[in-house]
Amino acid sequence: MPLWTEWWVWMSGALILATLEVLIPGYIFLGFAIGAAMMGLLILFGISASGFALTLVIFSILSLISYLVMRKYFALKTGQVKIWETDVND
């Protein structure tokens, strides 16, 4: 059985990507981490693709959806400017 069909491989990848997000913030790796975690859950519950290419397509779609949802909820409103009231050194 190939490794990409194991749920724990996807969960391990999600953990690594989430750790990268902490080290390099920007909501880029977090979208991939959520996609990998969702893929791991799908495989854990018995829903898996028949081939490696289809598995990667499902992973990329899940990652894109999670990135777009995060962008909607975490982004600044259109035309809004972030103003800093305090300084780190105060």
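Counting starts from 1 at the beginning of each chain's written sequence and moves along it residue by residue. In keeping with the model being predicted, local features are shown solely for residues with a pLDDT of at least 70 and side-chain atom pairs are shown and tallied solely at 80 or more, while totals for entire chains, interfaces and linings include all residues. As a convention, hydrogens and water are excluded, and side-chain values are obtained from all of the structure's heavy atoms.

As annotated in an unreviewed UniProt entry, the chain is Activity regulator of membrane protease YbbK from Yoonia algicola.

*Asks:* Looking at this model, I keep getting lost on the side chain of threonine 55. Mind explaining?
*Replies:* By secondary structure assignment, the location of threonine 55 is in helix α3 (residues 52-74). Setting aside residues up to four positions removed in sequence, threonine 55 forms contacts with Trp4, Trp10, Met39 and Ala49. Elements are defined by DSSP. Helices are runs of H or I of four residues or more, strands are runs of E of two residues or more, and each kind is numbered from the N terminus. In what follows, residue pairs with any heavy atoms lying within 4.5 Å of each other are defined as contacts.

*Asks:* What is the right way to look at helix α2 (residues 29-44) in this model?
*Replies:* Every α-helix winds through 3.6 residues per turn, so residues three or four apart in the chain are directed the same way. Here α2 is 16 residues long and its end C-alpha atoms lie 22 Å apart, about the 22 Å a rise of 1.5 Å per residue gives. Each residue's exposure class comes from its accessible area (1.4 Å probe, protein chains only) as a fraction of the maximum for that residue type: buried when under 20%, exposed when over 50%, partly exposed otherwise. Within α2 the residues assigned to the buried category are Gly31, Ala33, Gly35, Ala36, Met39, Gly40 and Ile43. Summarising the contacts, the buried residues of α2 are in contact with α1 (7-23) and α3. Just past α2, the residue glycine 46 takes up positive phi, approximately 95°. What a helix should span is 1.5 Å times the count of its residues minus one.

*Asks:* Explain the nonpolar core here, please?
*Replies:* Put simply, buried Ala, Val, Leu, Ile, Met, Phe, Trp, Tyr and Cys residues joined by side-chain atoms within 4.5 Å make one nonpolar core. Among the nonpolar cores identified, the biggest contains seven residues, and these are Trp10, Ala14, Ala36, Met39, Ile43, Phe59 and Leu62. When contributions to this core are tallied by element, the ones reaching two or more residues are α1, α2 and α3. The greatest single-element share of this core, amounting to three residues, is contributed by α2. Not counting residues up to four positions away in its chain, the partners in contact with methionine 39 are Trp10, Thr55, Ile58, Phe59 and Leu62.

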